[in-house]
Amino acid sequence: MLALEGCLARSESAATEAFSRWAREVDRVMVSALPEAILSCRRCLAELEGKLSSRPGVRAVQMDEVAGALVLEFDPKLTTAEALRELARLEGAQLGSRYRHLRFRAPQADCAECARALERYLAGQEGVLAAHADTASGKVAVELDTALTSRRELVAAARRAGFELYPAEGAGEASAVGPGRLLREEWPLLASGLLLALGGVLAALGNAAASASFVLAVVAGGWPLARAGVVALLRRRAFGIDLLMTVAVFGAVVLGEYAEAATVVFLFSLGELLEGYSLERARGAIRALAELSPLEATRLRAGEQERVLASALEPGDVILLLPGEICPVDGVVVAGQSTMDESALTGEAVPVEKGPGAPVYAGAVTGRRPLQVQVTSRAKESTLARVARLVEQAQERRARSEQLVERFARYYTPAVALCALALAALPPAFGLGPATKWIYRALVLLVISCPCALVISTPVAIVSALAAAARRGIIVKGGAYLEALGKVRAVAFDKTGTLTEGRPQVSSVLAACGVSPSDVVALGGALGAHSMHPLAVALTREAKRQGLGVPGLVTAAEEVPGQGVWALVAGTPCCLGSLQFVLSRCAAVPEEATEFAAMLQERGETVLLVARGGKVLGAIGLRDRERPEAGATLRALQGQGLEVIMLTGDAEQAAARLARELGLTHYQAGLRPEDKHLAVERLRAEYGVVAMVGDGLNDAAALAAASVGIAMGAAGSPAALEAADVVLLADDLAKLPELIRLGKRARRVIAANIAFALAVKGSFLLLAGLGLASLWLAVFADVGASLIVILNGLRLLGARLQVRATGGGSRPAHGGH
């Protein structure tokens, strides 16, 4: 709000301009329908504010006491209202409906220059806080204040300006390229081509009707260009590529160059069509994610089977999955035993065995035996649906190179057009030749001013790489993160659940103060139930395995992330946590417990102390196995010249033991979550671009501090899907080296595309000035350059993310389990 307050002292026009700029840079949404439990709990409200404010792109979170709602200010370039809506839903709240994130399919977005014109026009409409038109996806995203402008009014305003907006989902999402469209919309191209060929035949025969055929070809193919260009000029005051081509063709006709004029129209229209076909291939790969889930399902009710729409399924319903059938929703198996192929979601080719209690995900294919699955979420809230939305949103976050190219193109076209005007007027004025010669050269310059090849060079490569990763269970949330992956110099890893399997087991128990080991485990399990940390979860699991009951009513539980849990058990203060946590919150630690903890740490185990009423009752040692693929993955990263660092909250001895086993020379131990955040910041200061790999839950601060935050095994975790910049849906560390290779390859392809497009433009600018380029050759070069950069970008669509063999790692046998 500072930018708004600062404008009050300026003149009215300056204030208006400043406010307009602020409104474009900062969007506002309201988180309403806050649960009473949150509104009445100051600590809960502060935690919710903290979670929302830690979201990348959220600039401020303020409480509106009157409305009973939180007001967020966010940067639409970094996040969207839709992403914030999902985050609020996960916290038990909901986003108010005033501010909406809308997506439309826009046929004009096929053209890079037209997409930018559409974006600028929509951004200037009342109620539009931000707009982004994406050439690679053919869609436009709008952040809309519906209190000022409705969706219908926005579509109507766009239509008046010559733009068509269609729903981005449903029937309107069908492929934009096909025989139907060819007959309906590409008939001008067919007519132009036939008349051009006829004119060529007549000219070869010396027939005077050749000129008439060429002129008809110009009219047939050039009419849509002229109409679009004039509409843009009159309704939007935009001097776009359609108008430039119209002027060039009209000039050629005036000069009597009928054949060249017809050739220019045909080649330009053909190039637009071929670009559309090429882009559709990349779009189809993205769209295929959303189409994996079937539209219908077999629901079981009172022993009867009924076919229903997947969208009609509610949590608690039970569905039947027959062999070979695709699961339409997320759920849990309640009856049956079979394998399921989850490769469409996780990229893992090996089917996963599923039995009662096992989770299943939308898009998974049932094996040879049927399963009965209880629905846990609606179809639109499934993991597959969330992943599809994340990939769609990723296309809206432009890479830095894309932004630079667009800024360059914004000045390039008008600059070349001015040069063309000067070339047509000045040389004849100084008697340097006939006006027709210089006007012709100026027309060639106008054709060269088209920036299509340059503008399309980056987004098509990025979308192809995003699709290639998504098909293998890796979600990269934008071109900026893809580029950052290609520039990473150091990778930091959390230990538990990342380098290890994340399923620690109790291996040793020491009891003191006259209690039994079972009593220590029972109390530790009761306290651990109030934490999601893997060690606490393991302890609670062990207490249940032993059939140990809760030693009393647990109240006022409070977790200090990464350190421990404090609570009242039957009214007595109790603690579970690290040595430092217990010392600071609960009790003095006897020498016997300290020696036992040191011994376990020397063996590579993690130690938790259990205290009650100011006394330490015992110590528990837990051990977690390293992942089989961890050693090979780290060596592959080191082989790419990357520095690898392990960050862990474990004691020095346990961290050193694991580091030796994995061949790591750099690690930091005894870190709390805030310490990991500072450690990542120090790594960024030293190495520049740093990736952090964690579970997306306990490492949120460190992930946010890294240049790229990567969450592991997030298929079953909505929070992890939202937390990181890159998500590995499968719990497979071996995909990481190939992901970084993909980022590096994408950067090389983008650089090559930009260099090639600039070289072609520069060459033809020089040739046009020397009079060595013709109109048709300039169009041919422009169309050819656009197609070459598109096809080069599409090569990333077939990029192989090979999972290398994980054998050969130094993994000693662990005992004590």
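Residues numbered from 1 in each chain as written. Predicted model: local features only at pLDDT ≥ 70, side-chain atom pairs only at ≥ 80, totals over all residues. Heavy atoms only, no water.

Caption draft 1: Examining the pattern of salt bridges more closely. Scanning the model with the defined rule gives 16 salt bridges in all. One network of salt bridges, with partners in common, ties together Arg299, Arg301, Glu306 and Asp317. (Salt bridge = Lys/Arg side-chain N within 4 Å of Asp/Glu carboxyl O.)

Caption draft 2: Here's a closer look at a nonpolar patch on the surface. Judged by side-chain polarity, Val230, Leu233 and Leu234 come together as a nonpolar surface patch covering roughly 270 Å² of accessible area. Structurally, Leu234 can be placed in helix 10 (residues 209-236). (Patch = residues over 30% accessible without salt bridge, like charges linked within 9 Å, V, L, I, M, F, W, Y side chains within 5 Å. Areas by Shrake-Rupley, 256 points an atom, 1.4 Å probe, with all protein chains shown as cover. Helix = DSSP H or I, 4+ residues; strand = E, 2+ residues; numbered from the N terminus.)

Caption draft 3: Looking closely at the sheet that holds strand 14 (residues 352-354). The strand order across the open sheet formed by 3 strands is 14-13-16, and the pairing between neighbours is antiparallel. Each having just a single partner strand, strand 14 and strand 16 (365-366) make up the two edges of the open sheet. Of the strand pairs in this sheet, strand 13 (residues 338-341) and strand 14 are connected by 3 bridges, and their pairing is antiparallel. The partner of Met340 across the bridge, within strand 14, is Val352. (Pairing = 2+ DSSP bridges.)

Caption draft 4: Seen up close, the sheet that holds strand 26 (residues 643-647). The 7 strands are arranged 18-30-29-28-19-26-27 in an open sheet whose pairing can be described as mixed. The sheet is open, and its two edges are formed by strand 18 (474-476) and strand 27 (667-668), each paired on a single side. Here helix 27 (residues 673-687) sits on the sheet and contacts strand 19 (490-494), strand 26, strand 27 and strand 28 (690-694); the angle it forms with strand 26, its principal contact strand, is near 165°. (Contact = heavy atoms within 4.5 Å. Axes fitted to C-alpha atoms, helices over the stretch in contact; angles between N-to-C directions.)

Caption draft 5: Highlighting the packing of aromatic side chains. Throughout the structure, instances matching the rule amount to 1 aromatic pair. Judged by centre distance (6.0 Å) and plane angle (45°), the ring pair of Tyr121 and Phe163 falls under tilted. Pair noted here: Tyr121 is in helix 6 (residues 112-123) and Phe163 is in the loop between helix 7 (151-160) and strand 8 (166-167), with a separation of 42 residues, a long-range link. Among the residues examined, Phe163 registers a relative accessible area of 3% and is labelled buried. (Phe/Tyr/Trp six-rings, centres within 6.5 Å; stacked < 30°, edge-to-face > 60°. Buried < 20%, exposed > 50% of the residue type's maximum accessible area, 1.4 Å probe, protein only.)

Caption draft 6: Fine view of the state of the cysteines. Inspection of every chain in the model, using the stated rule, returns 1 disulfide. Here Cys575 is linked by a disulfide to Cys586, with a sulfur-sulfur distance of 1.4 Å. Judged by the torsion about the S-S bond (45°), the Cys575/Cys586 disulfide is right-handed. With a gap of 11 residues between them, Cys575 in strand 23 (residues 572-577) and Cys586 in the loop between helix 23 (579-585) and helix 24 (591-602) connect regions that are remote in the sequence. (Disulfide = S-S within 2.5 Å.)

Caption draft 7: Just empty space enclosed by the protein, in detail. Here the structure, examined in full by the defined rule, presents 7 cavities of 30 Å³ or more. Empty space within the largest cavity amounts to approximately 140 Å³. Surrounding the largest cavity, 18 residues form its lining, Lys495, Thr500, Gly604, Arg623 and Asp624 being those nearest its centre. Residue assignment for the lining of the largest cavity shows that the elements contributing at least two residues are helix 20 (495-499), strand 25 (615-623) and helix 26 (652-662). (1 Å grid on protein atoms, 1.4 Å probe; cavity = no way out; pocket = protein on both sides within 12 Å on 5 of 7 lines; lining within 4 Å. Points joined across faces, edges and corners; volume = space filled by probe spheres on them.)

Purely geometric stuff here, so don't read any function into it on its own.
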